[in-house]
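# Observations on the model geometry
The lines below spell out each chain.
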Amino acid sequence: MFLMPYLKHAVKTSFPFGVVLIVAANLLVYFGFQQRDAHRYQRAYDYYQHSILVRLEPPAYVDHLRQQGKDKARARFQRAQLDGNLPYLVQTMADDAGFMAKLRSGQVVPPEHPDYGQWLQARRYFDGIRESMVTEQYAFRTDKPSLLTAFTHQFLHGDMSHLAGNMITFILIAPAVEAILGTSLFLTVYLVGGLGAVGMHWLIVGSGSGLIGASGAISAVMGAFAALFRWRRIPFFYFVVVYFDVIRAPALLALPIWVVNEFLQLVWFGNRGIAYGAHIGGLLVGGLLAWPLAGRVAQRFAEAPAADAKDGKTDDDIETAMALAKRHLAKGRQLVREHRFDEARQAYARAAGCAGLDAAALRECFNIAKLSPGSKEFHLVARAILGHAGDQDETHQLVVDTFGEYLGLAQPRPFLNGDILAGLAGRFRRRRCMGELDRVARLFHNIAPTHPSCREVLLAAAQCHQQAGDGHRAAELAILAKSATAT
């Protein structure tokens, strides 16, 4: 099963420096260094094929597997012998730490063997060719682990299809994660997630296995995506055998699906050719690293719906905007009559995003949208109302009512940014709405403590409480104001 999110508007647009850096590094390593290995590998296999090694080592490995009782592995190896698949034979033996230890200690071809001298010379020459390869030097090996190769293996690939598949997957999902976390944290999740992939791969396969490829680190980015977006419903493209479609589902649901899918493939197919264990490790580590950082989504992710509201505007002419709002409103009412509530909610959200609607129409939009408090449209309509500049009594009462209901209903949490909260604070201060001003000030400190207006709002609220004779609340807000640092 293949499951991949695709996003039109995920977060406020920003240039993905980290994504570009990682893609460029992978391309540079593959085309600048690894491609030279192709000639070296061919030279090594040609030498092996025409040397004494091919006559002594593969038959000895068959006996080794027989002694170990690994009948299935022995059958696969013998089929590869019949097919003349020399790269598979050589790599399979190289990945078996137990056999290689016996081979190098003289237990497979002992010193008293008549061809020992010739074999030893050929083996050393063959090992020298392999050790000159970039891939062999910087791939992670569980029998020769090092911190350096735990990082460098993330930038190596076996062939063009391996590289292309990893980079396409990475480019589809990584920009949204970087936009939320910022470049530094994003790169940290990528690299540390790659270490987690190494650890899980090592735990599953034991000693003697090599690991190359960015898929473990990319899996960490996928795990981070699920942990950051959590219950937000995201469109996913899925493919099962010959059937494919698009569904909308909570992002967090993808994490266990991805992990279970990789685990089942590991059970069914083993670790041959694809490091499913590394994928599982990357997914889990990426999810755990990103979980405490989900608070960053609130401000940055909340910007996205506002972009959707602008899709219908052709210019800044207020009459055009009003006409467009009325058309969306009429469409929403028609869809409600037809019981097509999901589509109706979208139409009402587009109407709320246009200029010119009066308070009654905006209240109608909110009442429809709040029937689905976890939807994108509910957040969009609420933000449109709470950001309204009108100060008429009817509009003000709408803002007050919406503010209270939105904080109570919003799922998974209110998506408000510092600018909207600053506007609300100014409104509530002018109107002497002390309860609402207090809630806005505390919410401001939780959501955007570094916003330039945060300290000012907290101190204004504290002053209002002090003037009203509530010194305890005034002191609480003053303390919060000291911890708010404008940038």
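This one's a predicted model, so the numbers in the text were calculated from it and none came from an experiment. (Residues numbered from 1 in each chain as written. Predicted model: local features only at pLDDT ≥ 70, side-chain atom pairs only at ≥ 80, totals over all residues. Heavy atoms only, no water.)

### Structural notes on the pattern of salt bridges
Where charged atoms of side chains with opposite charge meet at close range, the side chains can pair. The condition that has to hold: Each salt bridge in this description consists of a side-chain nitrogen of Lys or Arg and a carboxyl oxygen of Asp or Glu lying within 4 Å of one another. Comment: elements are numbered from the N terminus, with helices defined as DSSP H or I runs of at least four residues and strands as E runs of at least two. Exposure categories follow from relative accessible area, calculated using a 1.4 Å probe and restricted to protein chains: below 20% of the type maximum is buried, above 50% is exposed, and the middle band is partly exposed.
Under the counting rule described, the total for this entry stands at 23 salt bridges. Across the pair aspartate 37 and arginine 40 runs a salt bridge, and its minimum N-O distance is 3.0 Å. Here aspartate 37 and its partner arginine 40 are both found in helix H1 (residues 17-49), 3 residues apart, which amounts to about one turn of the helix. According to the relative accessible area criterion, aspartate 37 is buried, its value standing at 1%. Shared partners join several salt bridges into a network, and the residues in it are Asp391, Asp393, Arg427, Arg430 and Arg431.

### A closer look at the nonpolar core
Threshold: Nonpolar cores are built from buried Ala, Val, Leu, Ile, Met, Phe, Trp, Tyr and Cys residues. Side-chain atoms within 4.5 Å join them into one set. Contacts are assigned to residue pairs with any non-hydrogen atoms lying within 4.5 Å of each other.
If you look at the biggest cluster of nonpolar residues, it comprises 54 residues, and the most contacted ones within it are Leu424 and Phe428. Excluding residues within four positions of it along the chain, leucine 424 makes contact with Leu386, Val399, Phe403 and Val440.

### As for the confidence of the model for the protein
Going by this rule: In predicted models, pLDDT denotes the confidence assigned by the predictor to each residue on a 0 to 100 scale.
Of all residues in the protein, 90% have pLDDT values of 70 or greater, and the mean over the chain is 85. Within the protein, helix H8 (residues 147-152) carries the highest mean pLDDT (94), whereas helix H15 (residues 303-309) carries the lowest (40). Note that residues 302-317 has pLDDT below 50 and, in this model, 27 contacts with residues that lie over four places away or in other chains.

### Quick notes on the packing of aromatic side chains
Given two aromatic rings, their pairing is described by the distance between the two centres and the angle made by the two planes. We count it as follows: Here the aromatic set is Phe, Tyr and Trp, taking the six-membered ring for Trp, and pairing holds for ring centres within 6.5 Å; pairs whose planes are under 30 degrees apart are stacked, those over 60 apart are edge-to-face, and all others are tilted. Only Lys NZ and Arg CZ are tested; either one counts as a charge over a ring when it is within 6 Å of the ring centre and within 35 degrees of the ring normal.
Overall, the coordinates contain 15 aromatic pairs when judged by the stated rule. Between the aromatic rings of tyrosine 41 and tyrosine 45, the centroid separation amounts to 6.0 Å while the plane-to-plane angle is 25°, which identifies the pairing as stacked. Taken as a pair, tyrosine 41 and tyrosine 45 lie in helix H1 at a separation of 4 residues, close to a single helical turn. A relative accessible area of 18% places tyrosine 41 in the buried class. Ring geometry for phenylalanine 378 against tyrosine 406: centres 5.4 Å apart, planes inclined by 50°, an arrangement best described as tilted. With phenylalanine 378 in helix H19 (residues 376-386) and tyrosine 406 in helix H20 (residues 393-409), the pair connects residues that are 28 residues apart, well separated along the chain. Given the relative accessible area of 0%, phenylalanine 378 is considered buried. For tyrosine 406, a relative accessible area of 0% puts it in the buried group. The ring of tryptophan 291 has arginine 230 lying over it, and the distance from NZ or CZ to the ring centre is 3.5 Å.

### Points about helix H17 (residues 341-352)
Which entries qualify depends on this criterion: Take the residue count of a helix, subtract one, and multiply by 1.5 Å to get its expected span.
Taking 1.5 Å of rise per residue, the 12 residues of H17 would be expected to cover 16 Å, and the 16 Å separating its terminal C-alpha atoms lies within 8% of that figure. Taken as a whole, H17 has its buried residues at Ala344, Arg345, Ala347, Tyr348, Ala349, Ala351 and Ala352.

### Some thoughts on the packing of helix H2 (residues 53-68) against helix H5 (residues 97-104)
To keep it simple, the criterion reads: Axes, fitted as lines to C-alpha atoms, cover a helix only where it is in contact. Angles between the N-to-C directions of the axes lie from 0 to 180 degrees. Throughout this description, any angle smaller than 35 degrees is read as roughly parallel, any larger than 145 degrees as roughly antiparallel, any in the 65 to 115 degree range as roughly perpendicular, and the remainder as oblique. Note: crossing handedness is left-handed where the near helix turns anticlockwise from the far helix by less than a right angle, and right-handed where it turns clockwise.
One can describe the packing of H2 onto H5 by two numbers: an axis separation of 11 Å at closest approach and a directional angle of 125°. Classified by the interaxial angle, the pair formed by H2 and H5 is oblique. Between H2 and H5 the crossing geometry is right-handed. Along its contact with H2, which presents Glu57, Ala60, Tyr61, His64 and Gln67, the element H5 presents Phe99, Lys102 and Leu103.

### Considerations on a nonpolar patch on the surface
For clarity, the cut-off: By definition, no residue in a patch forms a salt bridge, and every one has over 30% relative accessible area; like charges are joined within 9 Å, nonpolar side chains (Val, Leu, Ile, Met, Phe, Trp, Tyr) within 5 Å. In short, Shrake-Rupley with a 1.4 Å probe defines the accessible areas, and a residue's cover is counted only from the protein chains shown.
On the surface, Val260, Phe263, Leu264, Val267 and Trp268 cluster together into a nonpolar patch covering about 520 Å² of accessible area. Structurally, leucine 264 is set in helix H12 (residues 251-269).

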